Amino acid sequence: MRIAYDLHLHSCLSPCGDRDMTPSNLVNMARLAGLDCIALTDHNSCLNVPAARKAAEGTGLTVVPGMELCTAEEAHVVCLLPTEAAALEFSAAVRRTLPDVENRPEIFGEQLILDEEEGLLGQEELLLATASSLSVDQVLPLVRSYGGTAFPAHIDRPSYSVTASLGDIPPVGFAAAELTVRAEEDEMLRRYPLLAGMLRLVNSDAHYLHQIPDAGPWIELADESVREMGPALAVISALDGRVPCRLGRS
């Protein structure tokens, strides 16, 4: 089964996310773009995952619960969880590692928690645009303890990536890594040899609706894996190196 994916999307819960990035709008835009599977990966929180999953019910779109976690080194790592319950437990655990800094919406932006019909449930008061106390080498074991997996985000960027913060991809067990659409893959492979043995994902990291591109990158999984696990868990298992898969760009 070939699945068109975008596994790095933000909602209006992320302080840098546009207010129009409601879970409902995000789901509908992903469907218009022809995507089969997305992950909602707000900064340091999974609190809008329930709304996105609810909005996607009956549409054929799979929403993988996720988070873009900022490590103590200020490197971004995308975390994917198998269920909504696991995501909310993981989110609560990560929240306890964040500094006690109150959000100032007039400076950093609102952090809106919505339902599937865009009703306001509340706002996250703790600033999510901060670094947790979790180091890069702690992230994968932690997220695996909740049944998920993780991969370093936008490793070709000069900031908020493991390469910018640490100078290289750390050998801590990541089976996949994320490149931006502008990355020169050959140059990245030359610079970071560990990347050759990793699945190389291309996601949008969209913070605005117009940044969600038409379907392009895909992951191909055995039909039996998808039937047995469901698409969300099958994708997570593939990106954790436990299920064979093949990636493509168009």
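Treat the numbers as computed from the prediction; the structure is a model and nothing was measured.

Trainee: Would you take a moment to explain the sheet that holds strand S1 (residues 2-9) for this structure?
Mentor: Two modes of strand pairing occur in sheets, parallel and antiparallel, and in both the strands are linked by backbone hydrogen bonds. Read from one edge to the other, the open sheet built from 7 strands follows the order S7-S4-S3-S2-S1-S10-S11, with strand pairing classed as mixed. Two strands in the sheet have a free side with no partner beyond their single neighbour: strand S7 (149-152) and strand S11 (245-248). The sheet shows a mean angle of 30° between the axes of neighbouring strands, direction not considered. Direction of pairing for strand S4 (residues 76-80) relative to S7: antiparallel, over a ladder of 4 bridges. Within S7, the position partnered with Leu80 by the bridge is Thr149. Contacts from helix H2 (residues 49-56) reach strand S2 (37-40) and strand S3 (62-70) within the one sheet, and its direction differs from that of S3 by about 160°. Sheet strands touched by helix H9 (residues 231-239): S1, S2, S3, S4, S7, strand S10 (218-221) and S11. Its angle to S10, the strand with the most contacts, is close to 95°.

Trainee: What is the right way to read the side chain of Asp240 from this model?
Mentor: Mapped onto the secondary structure, Asp240 falls in the loop between H9 and S11. Residue classification places Asp240 among the buried positions, given a relative accessible area of 11%. Among the polar contacts listed, one links the side chain of Asp240 to the side chain of Arg144, at a separation of 2.9 Å. Those residues within four positions of Asp240 in sequence are excluded, and the remaining contacts are Leu140, Arg144, Thr149 and Ala175.

Trainee: Help me out: how do you make sense of the pattern of salt bridges in this one?
Mentor: Side chains that differ in sign of charge can pair as their charged atoms come close. Summed over all chains, the structure comprises 13 salt bridges. The partner of Asp240 in a salt bridge is Arg242, with the nearest N and O atoms 3.0 Å apart. Each of Arg2, Glu220 and Arg246 takes part in one network of salt bridges that share partners.

Trainee: Before we go on, may I ask you to explain helix H1 (residues 23-32) in this structure?
Mentor: Those residues of H1 not exposed but buried are Pro23, Ser24, Leu26, Val27 and Ala30. Buried residues of H1 fall within an arc of 165° about the axis and therefore sit on the same side. In this structure, the buried side of H1 is in contact with S1, S2, H2, S3 and strand S5 (112-114). The positive-phi residue at the C-terminal boundary of H1 is Gly34, with phi of around 85°.

Trainee: I tried to follow the pairing of S10 on my own but got confused; where do I start?
Mentor: One face of the sheet, then the other: side chains in a regular strand alternate in exactly this way. Where S1 meets S10, 3 bridges bridge the pair, whose relative direction is antiparallel. Considered in S10, the bridge of Ala4 is made with Trp218. Bridge count for S10 against S11 is 4 bridges, and the pairing is antiparallel. The residue bridging Leu221 from the neighbouring strand is Cys245, located in S11.

About the cut-offs
- Residues numbered from 1 in each chain as written.
- Predicted model: local features only at pLDDT ≥ 70, side-chain atom pairs only at ≥ 80, totals over all residues.
- Heavy atoms only, no water.
- Pairing = 2+ DSSP bridges.
- Helix = DSSP H or I, 4+ residues; strand = E, 2+ residues; numbered from the N terminus.
- Axes fitted to C-alpha atoms, helices over the stretch in contact; angles between N-to-C directions.
- Contact = heavy atoms within 4.5 Å.
- Buried < 20%, exposed > 50% of the residue type's maximum accessible area, 1.4 Å probe, protein only.
- Polar contact = N/O pair within 3.5 Å; in protein donor to acceptor, adjacent residues only side chain to side chain.
- Salt bridge = Lys/Arg side-chain N within 4 Å of Asp/Glu carboxyl O.
- Arc of directions from axis to C-beta.

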